[in-house]
Every structure is written in structure tokens, then in C-alpha cells.
Amino acid sequence: MEKEPVYVRIWKLVYPLGIKYLVEAVVTLAAAGIFTAVSLSALEGAGRVDGLIVKYSNGILLAGNVLVLPVLWKLFRRDEKQGLHKRDGSGKFSFFWVVLLAVCGCVGFNGLIALSPLPVWFPQGQEVLNTLYGGNKWIALFNVVAAAPLAEELLFRGIVYSRLREWTGPFYGILCSAFIFGLLHGNVLQFVYAFLLGLIFAYLYEVYGSLKAPAAAHCVANLFSVLLTETALGRVLEKPAVYYLAVAAAWVTGALILVRMHGRNGKKGEEPMAKGRRRMENDRLLIEVDDLGAELTRIYDKYNKREVIWEGDPAYWKRHAPVLFPFVGKVNGDVYHYQGKEYPSGQHGFARDLPFDLKDQGPDFVSHTLEANDDTMMVYPFLFRLKVTHTLKGNRLKVAWKVTNYGNSTMYFCIGGHPAFRLPSDADGGYACWKIRLGEEKRPVYRLLNGEGLCDMSRTYPLELTDGVYTVDEHTFDRDALIFEGQQIQRAGIEFPDGTPYVNLSCEGFPYMGIWSAKGAPFICLEPWFGRCDDAGFTGELSEKTGILSLGLEESFRAEYTIEIC
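Quick look at the structure, then. (Residues numbered from 1 in each chain as written. Predicted model: local features only at pLDDT ≥ 70, side-chain atom pairs only at ≥ 80, totals over all residues. Heavy atoms only, no water.)

Looking now at the overall build of the chain. Along the chain, the regular secondary structure elements total 13 helices and 25 strands. Per-residue burial for the chain yields a buried fraction of 51% across its 566 residues. Here the analysis covers contacts within the chain between residues at least 6 apart in sequence; of these, 69% occur between residues at least 24 apart. Total accessible area computed for the chain in this model is approximately 26,100 Å², and 60% of it derives from carbon and sulfur atoms. (Helix = DSSP H or I, 4+ residues; strand = E, 2+ residues; numbered from the N terminus. Buried < 20%, exposed > 50% of the residue type's maximum accessible area, 1.4 Å probe, protein only. Contact = heavy atoms within 4.5 Å. Areas by Shrake-Rupley, 256 points an atom, 1.4 Å probe, with all protein chains shown as cover.)

So this is what it looks like as C-alpha cells:
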């Protein structure tokens, strides 16, 4: 499993924060330059500049937040395209409960701080609040209640939390993003308050799957904080009995709301997982891999709310995305020859029908292994170890193979992938009119199978592309799969009939690619292979088979392909 280096992850967290505070610094310097010019023209000293900066600090902060919003939005959208941000929630949320939770957080957390010795130990926190709410009240209100919360939610929840969640999971993502949020508020009192609110805001994002929920809560919490500080409401709460009652009520009510939301966020909507299947997921995708055949059985696209991998309906084809080993396709007469002996072999070998051992599993990967045994030796006389690893990252799933020969003779084999991509429900008419993007400058050529399922070597066929795209029709798969040789296809994608991208498959270095579907079926297979079926009429030794791979003692072969969900 490949992971980004720690320094790359740190950089991905630091530079969005740096952008926000750099913009604020530039705006402050620009304001200082303007104030300096004004003061010099009026023959006033540098002290006048400092006074103007303090006086108009709210306007400066407002300008910084407004200017940084489009930059943060662009970063947020870029992450979204890479598979971040989407949760299991529908994106809909109850405004009432979010507002009530925000009010409870504001009252409860402020009350907790006020009842502690922190205000005595760190009195500078109140000075910051005086500056924040000073100057023009309307500018201060707009900044505190609208501009600042929107900018901070895009940054701390939309970008920082989502990236942390991708690396560490929801729990530590919420905790660490809230800590960073509090730390950058610059003083102890605001650190505690912002940290506690940051936990709430990130949890709202996790529960509802929409940045609108924490943004609404943030705006309301800031508004209520202003009301407590600047209006008669705050004076009502100065009465001890009222104050203690309000703080206690805020904590109890807030806790009940969180319990209610947690129940809402329980594993609703998830289909029960079949026994022997391994699940992993992130914000964008949910993946299931079966121990039987180490077969990828499910990719659920949370963003677009649709299944991507074929469900295995036997009316068309009972499989999903099998691993083809030790052969790809058919061998002539369902037998092959090795050192003068004849061995039986079904189509695509036997690995897809055997249980694999679970080797290792983490939040974003699962590894299975299959080793030679007495049963496999009867049909395949080699001591092998096959490791299959599925790794999830953003909107991509990497499928990696490692084949090892631990026998005392040269081992011969083929290996391939056979993922079937389900065409969404609006493809009830099957695959006709769907598009396959190959992006080849030269017109690729392919071979077809004969009636026995072997490669017809008599001729090749050109595939007609328009701007690198082939449009599937009802006769495309009349003779089974299209077989591309000679590394012609290193990347292929399926597109909706209107040209909208659906899924891409990258397979750098693979010598063969098969494209197939069952007659009229609502799926298309993109199949990256090392090796293929026998040539028609082939009766030679296994070592002479077209596309065969070989491994010496203790040698290993590695290959991988990547599925990208658009």
C-alpha cells in the first residue's frame, strides 16, 4: 500500500492556512500603506497610522475574508473532484436543530470558560473581543456573522478537516481540525472556545454531508455571541441564578441534540455486507472485496449515489470483477501441455473460484493471498503465491497483483483483470450508444474470437474512433470480446451517451486489453491483461503460448491497474 509521505500531508494542511493568513497580511499592509499616505499628506505621525488600523480593523478583516473566499472555494472544489467532502448524509439538514445546537454551544462553552479561572489568568482575551466588536458596528456584524464564518468553514472544515479525515478517519480528523481551528485564534480563551465549537462544526459536517450545516451553525453561534456581548440579553444573564440555569440548560440540550444526530448518522442506508466480504470506504467511495476469488464486488459512488460495479445478475453474467489466473481466456480444447503432460483448464483459470486468505486489512486497503495446494497442483503443476491488494484513495481504487514462484522450476502463467462496470439505470436498453474513450492518436486494431472462444489469427479489425472515442452499438460484441494487443490501450474510459465521463481505467505497461459485454447487458467490461486466450489451433507447449509470462525460482511479478470514478 502506497501512502503519501508525511511532509506532503503536512504541506497539504499548511498551504491553505498560509493562503488565508497571507491574504489577510497583504490586505493589512495595503491598508497601512493607504493610511500612511493619508497621514503624511496631513503631516501626522506614525501613531496616527496605528490608530487608523485599529479603528478600521473590522473593515480590514472583512476585506481579507471576502478576498480569500474565491481562493478557498477553488481549493474546496478541487478536493471535491478528487473524491473528498461527500459523506453518507444526504446533504439535507434540519435548520432548527442546527441553530439550537449552535446557541447551546455558544452559551454552554462561554459559560464553561467564564466559570473557570481562565479569564483571570488570561485577561488579554477580552481585549481581542473588544477590538473584534469595535469600530463600525454594521461592518463588524457582517464580518463576524457572515464573511468570517464562511471563510473559516471552507478552510477548516471543507479543506483541513476533509484532508485529515481522508488520512486519519473521522474521529481524529474532527479532533485535529478543531485543535488547529482553536490554535489559530491566537489566545487561550478563544482557543478553548473555538476548539469546542470546532468539534461541533466538524461533527455537523460529518453527519449531514454538507458544508451548509456547519456554516449555518457558525454564523448563528457568532451572532448569538454578539447578542450576548452587545445587547440587553447579556445583561439578563448577569443574574447568577439565570446564568447558571442557562448554562446547565445549554449543556443538557446540546447533549440531547448530539445524541439525536448520532442516531441519525448510524449506518442507515447501508446494505448488509455478505459474509466473507471486506469493506473499506472514504468520503467518495464504498468498496467491497470478497474473500472468494479476492474479487472486487462493489464500488458505490457516494457522490453520484450509484453502484459502479456490475451486481452479478446471472441473467447476463454472474460475476463482478474476477481475477483471471493462471490463464486469461480459454486454452484450446480446455487443456494445455506442459513437459509432455496434458492438464485440464477452464476459461480464465481457477483463482476466481477459490477462497483466498485475508492477509491484511486497513481503513483504505485489503490484501488477500492464494497459495498452491494439492488441488491446484493437479491442474497447475507450479508452486505459486498470488497476492491481490485493493487500495482506496479518493475517487480511485488501485488493484495490485504480486505473483511469486517458490517452486524449483520455471513457472508459466497469465494474469488479468475483468471488472464489469454497471451502466446506470438510464441504460435500460443495454450498452448501445454508450461511449468508450481510448484517446489514441492512431486507429487501434483488434482481434476477435472464433466460435470456440480462441483468438482468430486470420485478420485484425480497425476500431473507428471520433476524437479518440468509440460509440458502442448493438453489434459491437456479436463475436464476444474485442482484443487489443501490443500495448495499444494503456487507458480507457466509459462515457455516458452524451459524452459525460463515467469511469476510467489506467493500466500502464499491460500488453493486452479486452473490451466485452454480454449480449444486450447493461454493463461494459474493461479488461487489462498480461496474456490472452490461445491462438486458434494452438497445441504447443505452455512455454510457447502467446503472451505467456515466466518466473524463475523465488522470482516475483508485480502489476497494477487503477479504476477512477468520475
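Past the structure itself, the notes keep going.
A packed helix pair is summarised by two numbers, namely the angle formed by the two axes and the spacing between the axes. One way to put it is that helix H4 (residues 95-115) packs onto helix H10 (residues 212-230) with a least axis distance of 8 Å and a crossing angle of 45°. Between H4 and H10, the interaxial angle falls into the category oblique. By crossing handedness, the relation of H4 to H10 is classed as right-handed. Along the contact surface, H4 presents Phe95, Val98, Val99, Ala102, Val103, Cys106, Val107 and Asn110, while H10 presents Ala213, Ala216, Ala217, Val220, Ala221, Phe224, Ser225 and Leu228. Within the contact of H4 with H10, the residues separate by chemical class into 14 nonpolar, 2 polar and no charged. (Axes fitted to C-alpha atoms, helices over the stretch in contact; angles between N-to-C directions. Parallel < 35°, antiparallel > 145°, perpendicular 65-115°, else oblique. Left-handed = near helix turned anticlockwise from the far one by under 90°. Nonpolar A, V, L, I, M, F, W, Y, C, P; charged D, E, K, R; others polar.)

The strand order S1-S2-S3-S4 describes an open sheet built from 4 strands, whose pairing is antiparallel. Here the strands that pair on one side only, and so sit at the sheet edges, are strand S1 (277-281) and strand S4 (306-307). Sheet topology note: the S1/strand S2 (residues 285-290) ladder contains 5 bridges and is antiparallel. Within the sheet, the bridge partner assigned to glutamate 281 lies in S2 and is leucine 286. (Pairing = 2+ DSSP bridges.)

All chains considered together, the criterion is met by 28 salt bridges. Where glutamate 288 meets arginine 298, a salt bridge forms, and the shortest distance between an N and an O atom there is 3.5 Å. One end of the pair, glutamate 288, is in strand S2; the other, arginine 298, is in strand S3 (residues 295-301), and 10 residues separate them in sequence. A relative accessible area of 3% places glutamate 288 in the buried class. Measuring nitrogen to oxygen at the nearest pair gives 2.8 Å for the salt bridge that ties arginine 532 to glutamate 485. (Salt bridge = Lys/Arg side-chain N within 4 Å of Asp/Glu carboxyl O.)

For the rest of this paragraph, the subject is the pairing of strand S9 (residues 365-371). Here S9 lies mainly inside the structure; 6 of its 7 residues are buried. Examined bridge by bridge, strand S8 (residues 357-362) and S9 share 5 bridges and lie antiparallel to one another. Within S9, the residue paired with leucine 358 across the bridge is histidine 368. Connecting the antiparallel pair S8 and S9 is a turn made up of 2 residues. With 7 bridges joining them, S9 and strand S10 (residues 384-393) adopt antiparallel strand pairing. Each bridged residue has a counterpart across the sheet, and for serine 367 the counterpart in S10 is threonine 389.

Our next topic: the packing of aromatic side chains. Geometrically, a pair of aromatic rings is defined through the distance of the ring centres and the angle of the planes. Under the criterion given, the structure shown has 39 aromatic pairs. Aromatic pair tryptophan 317 and tryptophan 516: ring centres 5.5 Å apart, planes at 75°, arrangement edge-to-face. Here the residue tryptophan 317 occupies a position in the loop between S4 and strand S5 (323-324), and tryptophan 516 occupies one in strand S22 (residues 512-516), the gap between them amounting to 199 residues. Of the two residues, tryptophan 317 and tryptophan 516, neither departs from the other in class, the shared state being buried. Ring centres 4.5 Å apart and planes at 50° place the aromatic pair phenylalanine 510 and phenylalanine 530 in the tilted group. Here phenylalanine 530 lies in strand S23 (residues 523-530) and phenylalanine 510 lies in the loop between strand S21 (501-506) and S22, a separation of 20 residues in the sequence. Looking at phenylalanine 510, the relative accessible area reads 1%, which means it is buried. Looking at phenylalanine 530, the relative accessible area reads 11%, which means it is buried. When the ring centre of tyrosine 21 is taken as origin, the NZ or CZ atom of lysine 20, which lies over that ring, is 5.0 Å away. Just above the ring of phenylalanine 181 sits the side chain of arginine 157; from NZ or CZ to the centre is 4.3 Å. (Phe/Tyr/Trp six-rings, centres within 6.5 Å; stacked < 30°, edge-to-face > 60°. Lys NZ or Arg CZ within 6 Å of the ring centre and 35° of its normal.)

Turning next to empty space enclosed by the protein. What the rule picks out here adds up to 1 cavity of 30 Å³ or more. Taken as a whole, the largest cavity encloses approximately 50 Å³ of empty space. Of all the secondary-structure elements, those providing two or more residues to the lining of the largest cavity are S10 and strand S11 (396-405). (1 Å grid on protein atoms, 1.4 Å probe; cavity = no way out; pocket = protein on both sides within 12 Å on 5 of 7 lines; lining within 4 Å. Points joined across faces, edges and corners; volume = space filled by probe spheres on them.)

Bringing the packing of helix H8 (residues 170-183) against helix H9 (residues 188-208) into the picture now. Interhelical geometry of H8 versus H9 gives an angle of 145° and a closest axis separation of 7 Å. Crossing geometry of H8 relative to H9 is assigned as right-handed. Contacts between H8 and H9 involve Pro170, Ile174, Leu175, Ser177, Ala178, Phe179, Phe181, Gly182 and Leu183 from the former and Phe191, Ala194, Phe195, Gly198, Leu199, Phe201, Ala202, Tyr203 and Glu206 from the latter. Of the residues that constitute the contact of H8 with H9, the class distribution is 14 nonpolar, 3 polar and 1 charged.

Here we come to the state of the cysteines. Should the sulfur atoms of two cysteines be covalently bonded, the bond is a disulfide. This structure, assessed with the given rule, holds 0 disulfides. Note on cysteine 104: no disulfide assigned, nearest cysteine sulfur contributed by cysteine 106 at a separation of 10.0 Å. (Disulfide = S-S within 2.5 Å.)

Attention now goes to the sheet that holds S8. Within a sheet, adjacent strands bond to each other through the backbone by hydrogen bonds, running parallel or antiparallel. On the basis of which strands lie adjacent, the open sheet formed by 9 strands has the order S8-S9-S10-S11-S25-S21-S20-S15-S18 and antiparallel pairing. Each having just a single partner strand, S8 and strand S18 (469-471) make up the two edges of the open sheet. Within the sheet, the average angular offset between the axes of one strand and its neighbour, ignoring direction, is 15°.

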